[in-house]
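# Coordinate inspection notes
The residues making up each chain are set out below.
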Amino acid sequence: MTADGGDDGSFDRLFLGSDAGEAAYRDAVSRARKAVVEATRTREPFSGAAPEAVEAALPAETLPESGARLADVIDEVSANVLADTVNVSHPLTAAHLHCPPSVVGLAAEVLLSATNQSLDSYDQSGAATVVEGRVIDALCGLFDFPGTADGVVTSGGTESNFQGLLLARDRYCAETLDRDVQTAGLPPAAEDLRVLCSADAHFTTEQAAHYLGLGSDAVVPVETAVDHSMDTAALDGALADLESSGRRPFAIVATAGTTDVGAIDDLEAAAALAREHDCWFHVDAAFGGALALTDERDRLDGVERADSIAVDFHKLLFQPIGCGALLLGDRAEFEYVSRHDEYLNPGDSALPNLVSKSTRTTRRFDALKPYVAFRALGREGLGALVEATLDTAERAAGLLADASDFELLAQPSLNTVLFRYRPHEALLGEELDQFTVALREGLFRDGRAVVARTRVDGRDSLKLTLMNPRTTPRDVATILDAIRDVAADVEADAPPRNG
Ligand SMILES: *Cc1c(COP(=O)(O)O)cnc(C)c1O
């Protein structure tokens, strides 16, 4: 029994459905809410705590024999855990494609977690299944998909990319090799299956190829143009080379918004080549898909010709993690993952049981987050949030270009800004790389700003991913000043150089 369970042996205070349970719920949630407000309001982007310090602050016993009062545990988590998490709502947190969750999404999260629907079957979800369908339909409309389109809510881009390529593989095997992979497994010719994507595509394309039994060597990286988008002539050439050497290209993955540069592949050209070579056309729009809500929708032209699209709500659409979607141009293609089980979705069921569209079984009602966001903010409201972040990235690039101690590496395409700090003592090559790495580590420990590090054209670089619509150019200037401060420390600590 926990300290909250009551002495009468009743479990009422632990569950909703009684006066005692409701009172306990209200108390606990209001305490949790206070802890969240404090954690986001009063803290720097990061405390700088190292994992060892976090370990040392936690109670020794994770699973004690008798529990403590819930209120005390919430206070303890607030002090020992929340205090050393990354403050994603802070305007100076600007490292990854990791958004501040909107209040709209947080409210939806309360509704969906407490009602705890499971989207695998209608008899575990009722209206939630219908709402997911509405969200999918709205998304299909945004991407100008045909009337045959459909989709499913996923945990994010990883799952969407995986499922898109799973369907692609199985359609190819069914149509070209007369093989039902679901029952018979991979055919011998699977060795020759190839996926093409830009050399800058997200690593989850290779990961999916691994999970699909093809191996990451089945992914053929295609050279990029100067703007880091997939080079169409190179894609054409790679397809021809593969075919002439007896390989079987079955899918082209185009990226709408690469993680580092925000590059958007030429979707029209990729769609045309996919059609010509009988390849499945998957668009990884986990990042850039949000442009569909803005005045820059035309940058996604050609997306409507995709067989599948990956979209993420927990990036530029400001929803709490996790929330994404996989859209299909033709709903019939869900047949490659669908199976029937007597207890969940018997073949004779007239009800919509979404388990037949998902790679998961029990599945959260994450669709409620975009549903509430769509209803509360409208296309215009959501588009304005996305546009505000794009504008901040532009202005940040301007500040970096104007500063003599920084080097801007590329004009931003979406929300990322790639740059380097120029130390006073001019460093080149690996020495500059080492300096950049030390600078970024120093910044993380410092905690005043959270900035990412990546490699651009083979060299270590810094990256801002400006995902917070509240971040202003003045905030960006504050980030740059923090970088200057930490850079001065790194320069002062640097061991004397040879020569
Ligand atoms: C983030 C991202 C992914 C992975 O998505 P998750 O939501 O993290 O699973 C895939 N592709 C691109 C382009 C991304 O930006």
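As a starting point, this report considers the structure included with it. The residue numbers shown here count from 1 along each chain, following its written sequence. Two thresholds apply to this predicted model, a pLDDT of at least 70 for residue-level local features and 80 or more for giving and counting side-chain atom pairs, whereas whole-chain, interface and lining totals are computed over all residues. Only heavy atoms go into the side-chain values, all of them from the structure, while hydrogens and water stay out.

Moving on: the site of the ligand. We call a residue near a molecule or strand whenever a single non-hydrogen atom of that residue lies within 4 Å of it. In the vicinity of the ligand there are 15 residues, among which Thr158, Asp284, Asp312, His314 and Lys315 approach most closely. Pairs of N or O atoms within 3.5 Å make up the polar contacts considered here, provided that, within protein, one atom can donate a hydrogen while the other can accept it, and that residues adjacent in sequence are counted only when both atoms are side-chain atoms. Take Gly157: an N or O atom from its main chain is 2.9 Å from an oxygen atom of the ligand. In this structure, Thr158 approaches the ligand through a side-chain N or O atom, which is 2.5 Å from an oxygen atom. Notes on the ligand: free accessible area 380 Å², of which the protein chains cover 85%. Per the convention used, a helix needs a DSSP run of H or I reaching at least four residues, while a strand needs a run of E reaching at least two, with both numbered from the N terminus. Per-element accounting of the shell around the ligand gives the leading share, three residues, to helix H6 (residues 157-177). For the shell around the ligand, a count of residues per class yields three nonpolar, nine polar and three charged. Here, Shrake-Rupley sampling with a 1.4 Å probe gives the accessible areas, and only protein chains in the shown set may cover a residue. Each residue is assigned to one class: nonpolar for Ala, Val, Leu, Ile, Met, Phe, Trp, Tyr, Cys and Pro, charged for Asp, Glu, Lys and Arg, and polar for all the others, Gly among them.

All right, on to the pairing of strand E3 (residues 219-222) then. Note on pairing: DSSP must find at least two bridges between two strands before they are called paired. By the bridge criterion, four bridges tie strand E2 (residues 193-198) to E3 in an arrangement that is parallel. If you follow Ser198 over to E3, its bridge partner there is Val222. When the strands point away from the viewer and the connection leading from the first strand across the helix to the second strand turns clockwise, the crossover is called right-handed. Considered for its hand, the β-α-β crossover made up of E2, helix H8 (residues 204-211) and E3 is right-handed.

Turning our attention to unusual backbone geometry. With an omega of -10°, the peptide bond between Ile321 and Gly322 qualifies as cis. In this structure, Gly322 sits in the loop between strand E6 (308-312) and strand E7 (324-328). Positive phi outside glycine occurs at Asp278, with the angle close to 60°. With respect to the helices and strands, Asp278 occurs in the loop between helix H10 (267-276) and strand E5 (280-285).

Glancing now at the nonpolar core. Where a protein is soluble and globular, its nonpolar side chains tend to be buried together. In plain words, nonpolar cores are sets of buried Ala, Val, Leu, Ile, Met, Phe, Trp, Tyr and Cys residues tied together by side-chain atoms within 4.5 Å. To sort residues, take the accessible area from a 1.4 Å probe on protein chains only and compare it with the maximum for the residue type: under 20% means buried, over 50% means exposed, and anything in between is partly exposed. Ranked by size, the top nonpolar core spans 62 residues in total, and within it Phe143, Leu235, Ile252, Phe281, Ile309 and Leu327 carry the most contacts. Ranked by the residues each element gives to this core, the list is headed by helix H5 (residues 127-142), at six residues. An automatic or database domain assignment supplies the residue ranges for each domain. Each of domain 2 (118-364) and domain 3 (375-493) contributes no fewer than three residues to this core. Throughout, a residue-residue contact means that at least one pair of heavy atoms, one from each residue, lies within 4.5 Å. Phe281 has contacts with Ile252, Ala254, Leu267, Ala270, Ala271, Ala274, Gly302, Arg305, Ala306, Asp307 and Ser308, leaving out every residue within four places of it along the chain. Counting residues in each nonpolar core, the second largest holds 29 residues, with Ala190, Ala201, Ala208 and Ala209 among its members.

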